[in-house]
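For reference, the chains in residue letters:
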Amino acid sequence: MEIRDKDSYGIARVLIEQSDSNYNYILWCTDTRECAVIDPCDARTILEIVQRLGLRVKYIINTHTHPDHIEGNDAILKVSLQSFDSSSAAKILVHPSRKQHVAPRNEPIDEGDVVEVGALNIRVIHTPGHCPEHISLILDDCIFVGDTIFSAGCGNVRFRGDVDALYDTFANRLTPLPDNLIIHYGHEYTEKNLRFALDIEPLNEAAASKLVVVRAALSKGEYVPLPTLGEEKTYNPFLRVEVPEVIETVKQKVPEAGHGPRNVFKALRGLRDEWV
Ligand SMILES: [Zn+2]
C-alpha cells in the first residue's frame, strides 16, 4: 500500500494480490474520517485497511461495472450495514445506466455531479469508451480514471467498449485537463505499455527513461510512481496521435488506417490488442 497524506485528505493506493494487477483506492477526509472506496475488487484487503486507518465507508464508487471493479461491493456493504443503521451505512455510486448491475443500495452519479465525502468535494466526469458507463473522479490534483487511461496506454474496448467513444474521451475530456493532474489508474500495466510505446516510437527518450524507473521499482517490489497527465503526453502513444513519428509508424504498420488523429488512435488500439 502507498499512502498520500495531505492536510485535508488521504489516498491509499492498494495493489491487489491475485488480481489482474488491479489498483483499489481509498480516499478519505482527514477531519471526519469518512471515506470513499473506488473500484473494490478485494473486500477483505480494503476492509482491513479501512479498519486500521479508523475510517468509515460512506461510498463505494464504481468507475464502471466490469466484474473486477465491483467484486468487493457486496461484502463491504454487508459489513457497513452490520455496523451502522441503514441511513448512515455505505452506498454504491455508479453511472445511472448500470444501476441494475450492482446491489440495489446505490445512487446514480454522472457528468457534473459532486460527491461529498466529509469536507471533500469529488468531481465526476463521464469518460466513455472502455465501456459506455465509465466515469472518472477528480479531487484536488488527482484524477481517478479506472480503465480509461493507463500509464503509457489506454483501456481496451473488448467488453462493451467503443473505440470512437474512447478517442473522443481522450481528445475532448482528458487532453484539455491540467497537465499537473496525477493519474490514478486501475491496473498496473505500465511496463508492457512502455515496451509497446517504444515499439511505436523507438527514439522516444521519455518512454525509455520511464521504463528504467518502472523496472527499478518493480524489481524492488515498490509501487510504480504515478504519472501526471503532462508526463503521459511525452510518452503515451494514445496521447500522441498527432506526433509525426507516431503517425509514420502507424502508416507503416497499418497502411489501410487512413488519415487523421482518430484513425491513428484506432489503429494504435488495434496494434496494442495484437501486441505481445
Ligand atoms: Zn474494465
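So, how was this worked out
Residues numbered from 1 in each chain as written. Predicted model: local features only at pLDDT ≥ 70, side-chain atom pairs only at ≥ 80, totals over all residues. Heavy atoms only, no water. Helix = DSSP H or I, 4+ residues; strand = E, 2+ residues; numbered from the N terminus. Buried < 20%, exposed > 50% of the residue type's maximum accessible area, 1.4 Å probe, protein only. Lys, Arg positive; Asp, Glu negative; His and termini not counted. Salt bridge = Lys/Arg side-chain N within 4 Å of Asp/Glu carboxyl O. Polar contact = N/O pair within 3.5 Å; in protein donor to acceptor, adjacent residues only side chain to side chain. Contact = heavy atoms within 4.5 Å. Donors = N, O, S within 2.8 Å, 3.2 Å for Na, K, Ca; no water. Tetrahedral: all angles 85-135°; square planar, octahedral: opposite > 155°, others 65-115°. Phe/Tyr/Trp six-rings, centres within 6.5 Å; stacked < 30°, edge-to-face > 60°. Lys NZ or Arg CZ within 6 Å of the ring centre and 35° of its normal. Pairing = 2+ DSSP bridges. Axes fitted to C-alpha atoms, helices over the stretch in contact; angles between N-to-C directions. Core = buried A, V, L, I, M, F, W, Y, C linked by side-chain atoms within 4.5 Å.

K.L.:
Explain the side chain of glutamate 188 to me, please; I cannot follow it from the model alone.
P.N.:
Positionally, glutamate 188 belongs in the loop between β14 (182-185) and α5 (190-200). The side chain of glutamate 188 sits in the buried core without any salt bridge; arginine 13 is the nearest counter-charge, 4.5 Å away. One polar contact links glutamate 188 to tyrosine 185, side chain to side chain, over a distance of 2.9 Å. The residues contacting glutamate 188, other than those within four sequence positions of it, are Leu15, Ser21, Tyr23 and Val224.

K.L.:
Please clarify how the coordination of the zinc ion should be interpreted in this entry.
P.N.:
Six octahedral donors around a metal ideally make angles of 90 or 180 degrees; four tetrahedral donors ideally make 109.5 degrees. The protein atoms that coordinate the zinc ion are His64 (NE2), His66 (ND1), His130 (NE2) and Asp147 (OD), at distances of 2.2 to 2.3 Å. Around the zinc ion, the four donor atoms are arranged such that angles at the metal cover 84 to 174°; this shape is classified as irregular. Each donor residue of the zinc ion belongs to the same chain, and together they define the spacing H-x1-H-x63-H-x16-D. Placement of histidine 64 in the loop between β5 (56-61) and α2 (67-70) and of histidine 130 in the loop between β9 (120-126) and β10 (135-139) is noted, with a sequence separation of 66 residues between them. Here histidine 64 and histidine 130 have matching classes, each one buried.

K.L.:
Sorry if this is basic, but what is going on with the packing of aromatic side chains here?
P.N.:
The geometry of an aromatic ring pair is captured by two quantities: the separation of the ring centres and the angle between the planes. Going through the model one piece at a time under the given rule, you end up with 10 aromatic pairs. Consider the rings of tyrosine 23 and tyrosine 223, whose centres lie 6.0 Å apart with planes at 50°: the pair is tilted. Pair noted here: tyrosine 23 is in strand β3 (residues 23-29) and tyrosine 223 is in the loop between α6 (205-219) and α7 (229-235), with a separation of 200 residues, a long-range link. Residue class for tyrosine 23 comes out buried when judged on its relative accessible area of 2%. Through successive ring pairs, a cluster of aromatic residues spans Tyr167, Phe170, Phe196, Phe238, Phe265 and Trp275. Here the basic side chain of arginine 13 rests over the ring of tyrosine 23, its NZ or CZ set 5.0 Å away from the ring centre. Sitting over the face of the ring of phenylalanine 196, arginine 272 holds its NZ or CZ atom 6.0 Å from the ring centroid.

K.L.:
How should the sheet that holds strand β7 (residues 106-108) be read in this particular structure?
P.N.:
Hydrogen bonds along the backbone pair up the strands of a sheet, which may run parallel or antiparallel. Strands sit in the order β1-β2-β3-β4-β5-β6-β7 across an open sheet of seven strands; the sheet is mixed. The sheet is open, and its two borders are formed by β1 (2-5) and β7, each paired with just one other strand. On average, each strand axis in the sheet is inclined to that of its neighbour by 20°, with strand direction left out of account. In the sheet, β3 pairs with strand β4 (residues 34-38) via four bridges, with the strands oriented antiparallel. Each residue of the ladder has a partner; that of tyrosine 25, found in β4, is isoleucine 38. Each of β4, β5 and β6 (91-94) touches helix α3 (residues 73-83); the most contacted strand, β5, lies at about 150° to it.

K.L.:
How should the nonpolar core be read in this particular structure?
P.N.:
Generally speaking, a soluble globular protein has its nonpolar side chains buried in company with each other. Formed by 66 residues in total, the largest nonpolar core has its most connected members in Ile61, Val115, Ile143, Phe170, Phe265 and Leu268. The contacts of isoleucine 61, once residues within four sequence positions are left out, are Ala36, Val37, Ile38, Asp39, Leu93, Ile109, Val115, Ile135 and Leu137. Of all hydrophobic cores here, the second largest spans 24 residues; its members include Val57, Ile60, Leu77 and Ala90.

K.L.:
Would you mind going over the environment of tyrosine 185 with me for this structure?
P.N.:
Looking at the secondary structure, you find tyrosine 185 in strand β14. Classification of tyrosine 185 by relative accessible area gives buried; the value is 0%. The sequence separation of tyrosine 185 and valine 145 amounts to 40 residues, and the corresponding C-alpha distance is 5.3 Å. The contacts of tyrosine 185, once residues within four sequence positions are left out, are Tyr23, Tyr25, Val145, Gly146, Ile149, Phe150, Ser151, Thr190, Val224, Leu226 and Pro227. Of the polar contacts made by the side chain of tyrosine 185, one reaches the side chain of threonine 190; its length is 3.2 Å.

K.L.:
I keep staring at the sheet that holds β14 and nothing clicks. Help me out?
P.N.:
Read across the open sheet, the five strands follow the order β8-β9-β10-β11-β14; overall the sheet is mixed. Looking at strand neighbours, the two that pair on one side only are β8 (114-117) and β14, the edges of this open sheet. In this sheet, neighbouring strand axes are inclined to one another by 25° on average, regardless of whether the strands run parallel or antiparallel. Where β8 meets β9, four bridges bridge the pair, whose relative direction is antiparallel. Bridge assignment links valine 114 to a residue of β9, and that residue is arginine 123.

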